[in-house]
Amino acid sequence: MNKKVVKRIVIGVGMYAVFVMAVITLYPDTPQNMDWEDRQEYNKIQISKLELGLQKKQILELLGSPDITEAKRNDNSELQVMFYRTHHRQADGITTEDECTALLFKNNELIAWGDSAYQSFIDG
């Protein structure tokens, strides 16, 4: 094979590798930049790693803005429930609570998540 052809192939592959690394490094794949299917899977994975006691700020940094949120003040406490989409039910273009996992915060601290979290919010 001609040395010029080999040289051009090597240069082309090298430039492609630099381009790919630049995109991976400079383009952060945050939840806000994901399509709904990727974000839904991302949310499932990240929620499975949560620990009680995390601060709301940490959750927002990890998962981004919630799809749905509710808040209330109760007996000198602030309760907030944030819903993150984790499973698809109906192709209607609308995210509903039954397609989400609820995260419950008391005074900005994570105290519950899952089905019981929203019920605790309603009862509390």
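Note that the structure is predicted; figures quoted are calculated from it, not measured.

### Here we look at the side chain of Arg-85
With respect to the secondary-structure elements, Arg-85 resides in strand E2 (residues 77-85). A distance of 2.9 Å separates a polar atom in the side chain of Arg-85 from a polar atom in the side chain of Gln-40. Only 2.8 Å separates the side chain of Arg-85 from the side chain of Thr-95, close enough to count as a polar contact. With sequence-adjacent residues up to four places away left out, Arg-85 is seen in contact with Trp-36, Gln-40, Asn-43, Asp-67, Ile-94, Thr-95, Glu-99 and Cys-100.

### Here's the deal with the environment of Ile-68
Relative to the helices and strands, Ile-68 resides in strand E1 (residues 68-74). Spatially, the C-alpha atom of Ile-68 lies 5.0 Å from that of Phe-83, the residues being 15 residues apart in sequence. If sequence neighbours within four positions are ignored, Ile-68 has contacts with Val-81, Met-82, Phe-83, Thr-95, Thr-96 and Glu-97.

### Some remarks on unusual backbone geometry
The backbone phi angle of Asp-75 is positive, close to 50°, even though this residue is not glycine. With respect to the element layout, Asp-75 can be found in the loop between E1 and E2. Taking the relative accessible area as the measure of exposure, Asp-75 reaches 68% and is therefore exposed. Phi is positive for Asn-107, which is not a glycine, with a value near 50°. Relative to the helices and strands, Asn-107 is located in the loop between strand E3 (100-106) and strand E4 (109-113). Residue classification places Asn-107 among the partly exposed residues on the basis of a relative accessible area of 41%.

Basis of the calculations
- Residues numbered from 1 in each chain as written.
- Predicted model: local features only at pLDDT ≥ 70, side-chain atom pairs only at ≥ 80, totals over all residues.
- Heavy atoms only, no water.
- Helix = DSSP H or I, 4+ residues; strand = E, 2+ residues; numbered from the N terminus.
- Polar contact = N/O pair within 3.5 Å; in protein donor to acceptor, adjacent residues only side chain to side chain.
- Contact = heavy atoms within 4.5 Å.
- Buried < 20%, exposed > 50% of the residue type's maximum accessible area, 1.4 Å probe, protein only.

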